[in-house]
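Next come the chains, spelled out residue by residue.
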Amino acid sequence: MYNTPQAELGRGILGRAYASLKCVKAARILIVCCLANISPGAGQAQNKPPQPDVFLITIDTLRADHVHCYGYENIHTPALDGLARDGIRFAQAFTPSPITNTSHTSILTGLLPSSHGVTDFAVPLAPTHPTLAELLKKNGYHTAAFIGAVILDSKTLAPGLDRGFDFYDNFPAHSQTKSRWGRIERRGMDVVQHAKAWMTAHPAGSHFVWVHLYDPHDPYEPPPPYSLTYKDRLYDGEIAYADSALGGFLGYLKKIGRYDHALIVVVGDHGEGLGEHREDTHGIFLYDSTTHVPLIVKLPAQPHPDQVVKTQVRTTDILPTVVDWLGIPVPERLDGASLKPYFDGAEERDRTAFGETDYPLRFGWAPLRSVRAEGFKFIEAPRPELYDLHADPGELANHYQASDLTVQKFRAMLAEVKARASTPLAVGAAGQGSSDALKALGYQGQSGGFSANAAETSRLPDPKDKIEEQNLLHSAMIASDDSRTDQARQALEKVLQLDPNSPTALRQLGELEFHTGDYARAAEHLKLVREVRPEDSTAAFYEGQAREKIGDFGGSRDALEASLKLTPGQFPARLLLGQVYLSLKDPKNAEDQFEAALLLQPKSAEAQQGLTQAQELQKPGH
Ligand SMILES: [Zn+2]
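Since we're looking at a predicted model, the values are computed, not measured.

What about the pairing of strand β7 (residues 292-298)?
Okay, so step 1: Most of β7 is tucked away: seven of the seven residues are buried.
Okay, so step 2: What you see with β7 is no split at all: His292, Pro294, Ile296 and Lys298 on one side and Val293, Leu295 and Val297 on the other are buried throughout.
Okay, so step 3: Both strand β2 (residues 88-94) and β7 contribute to a ladder of five bridges, which runs antiparallel. Considered in β7, the bridge of Ala93 is made with Val293.
Okay, so step 4: Of the strand pairs in this sheet, strand β6 (residues 263-268) and β7 are connected by four bridges, and their pairing is antiparallel. Across the sheet, the residue bridging to Val265 is Val297, located in β7.

So this is what it looks like as structure tokens:
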């Protein structure tokens, strides 16, 4: 089960000689490993911290087949390759989720998305699920997390993910800059710099540090020289840059003497579609392009040079592996299991990899579930899919038949997972700010409109029929955040050609026209949103604002009333409705709205002024 990665060694006579030398060396070390009793903390010197440091580095949007040590020849990833040489490379590791906050929650809890419940942005992680940070902190670790994107910010989009961390490097609540850097995203080098500064300030004791490198996530904008070296393959350029940031962090650990005795895990949170199955980015589908990720584990003082495990494992196995290695009791109810038996060859069986995505629900499309086992992939969808992965690794020829025994077996496995699923906690108070951040990162759609457990999900459109729309919506969001308004508008209009009732496109177009000052067109689009999705209070609020701007006070009143009926606690909507009633020469109703606004913000001068005006107008003589 241990194989030398031939892809990187099969170059010329020198390469072959080196390869055979490495095989001999690897075999010798393997024997030593098998003879040695691999116990927690083995090999620790007296003057080392009581327990090995643990470093978890997650690299966002990292396809396994775009990393050099995974056989990709067109890229330099020396840090990942070096770590794989010092550790164990899992050639077949899978994430259960193709979307960032859900997949990271699975890494940090050892649970499937349906078990931990964080299946959408801003859903809080339930306190009943212990995180890796909590488990290590309880065992004396100093803990810190350094994130590369606001998508993992525990104050807005990832509440609860900071549990167990002494320090969690969130983004500033109010950013002064319009640039995406520092506002919604940090370059890998900056993330590493923050982590190094914290470690330098906290030198004592054992550390658990999580570093999240967001760079390979789109838009692909690597800094020089990667922007030049990889000018025709900017995604690869981002990976090469993220690798250099990883190299910076590992180099620092070596310099301060904390590398050799550390347990280091590097993993991708999900992959990237890159147009395969017509998916540009990630989140909608469960094909290998977005679920097959690199996973490298370097053990403390336990050289496993060039060891490769080819059996199928999961990112939910990371938490149980770390705590098992450290001798900490593994939490009882986990979906993952320790990978320790693979380290010494005691285990050789593939583990069943489940996949789950509820991201399509944000657009009103069916959620997907998958099982990857025994050389097959089954995807439960309105039009289900079955792939023979040996004959068809690209998952192109769908052999689904309801009578197929594999299908029936996999369906039964999915039913078991569903029976164990937890009910997600209500979406947190993710205000307009975090919603804007989501859009800036290219994610859109609305939460809370559909339920993943409802029987009607099977009647929702199949995401396979909607993926072109999603690609266009995604590029519109990125263009919009980048102030490329015309490109955003074109993409959204194309979506409406495909689906004239797309609430997501109508709302984005409405907001875009609103922000560019075309209030009449904005009001038209937003009115259509309200017809398709009457529960969308934000669209109604925008429509109310747009109609007020063009002097349609009656229309504005109706839209604002509708918005406030859905979400009563909106101060700006109350205030505006009061002003609209004044314009309609209805001071009694204006007074009610200003009073309600003052209940929400008692110190508001505008609301107070409005109230006084409304009361004056009701006095005799007016
Ligand atoms: Zn991600």
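Still more to cover.
Describing the confidence of the model for the protein
Okay, so step 1: Looking at the protein as a whole, its pLDDT mean stands at 87, while 86% of the residues score no less than 70.
Okay, so step 2: This model gives residues 1-47 a pLDDT under 50, and the stretch forms 65 contacts once residues within four places in sequence are excluded.
Okay, so step 3: In this model residues 448-455 is a low-confidence stretch, pLDDT under 50, and it forms eleven contacts with partners more than four residues away in sequence or in other chains.

Brief notes about the coordination of the zinc ion
Okay, so step 1: Asp60 (OD), Thr100 (OG1), Asp269 (OD) and His270 (NE2) make up the full set of protein donors to the zinc ion, lying at 2.0 to 2.1 Å.
Okay, so step 2: Taken together, the four donor atoms coordinating the zinc ion and their angles of 100 to 115 degrees define a geometry best described as tetrahedral.
Okay, so step 3: Here the donor residues of the zinc ion are spaced in sequence according to D-x39-T-x168-D-H. Pair noted here: Asp60 is in the loop between β1 (54-59) and α2 (78-86) and His270 is in the loop between β6 and α9 (288-291), with a separation of 210 residues, a long-range link. We note that Asp60, like His270, is buried.

Concerning the nonpolar core
Okay, so step 1: With 90 residues, the main nonpolar core has Phe90, Phe208, Trp210 and Leu295 as its most contacted residues.
Okay, so step 2: With residues up to four places along the chain from it excluded, the contact list for Phe208 reads Val54, Leu56, Leu132, Ala133, Leu136, Tyr141, His142, Thr143, Ala144 and Phe165.
Okay, so step 3: Leu213, Ala240, Ala245 and Leu253 belong to the second-largest nonpolar core, a separate cluster that totals 42 residues.

What to know about the sheet that holds strand β3 (residues 142-146)
Okay, so step 1: Ordered in space as β4-β3-β5-β1-β6-β7-β2-β8, the eight strands form an open sheet in which the pairing is mixed. Two strands bound the open sheet, and with one partner strand each, they are β4 (167-169) and β8 (307-314). Averaged over all pairs of adjacent strands, the angle between strand axes in this sheet comes to 15 degrees, irrespective of strand direction.
Okay, so step 2: Lying over the sheet, helix α10 (residues 318-326) contacts β1, β6, β7 and β8, oriented at roughly 175 degrees with respect to β6.

Criteria and cut-off values
Residues numbered from 1 in each chain as written. Predicted model: local features only at pLDDT ≥ 70, side-chain atom pairs only at ≥ 80, totals over all residues. Heavy atoms only, no water. Buried < 20%, exposed > 50% of the residue type's maximum accessible area, 1.4 Å probe, protein only. Helix = DSSP H or I, 4+ residues; strand = E, 2+ residues; numbered from the N terminus. Pairing = 2+ DSSP bridges. pLDDT = per-residue confidence, 0-100. Contact = heavy atoms within 4.5 Å. Donors = N, O, S within 2.8 Å, 3.2 Å for Na, K, Ca; no water. Tetrahedral: all angles 85-135°; square planar, octahedral: opposite > 155°, others 65-115°. Core = buried A, V, L, I, M, F, W, Y, C linked by side-chain atoms within 4.5 Å. Axes fitted to C-alpha atoms, helices over the stretch in contact; angles between N-to-C directions.

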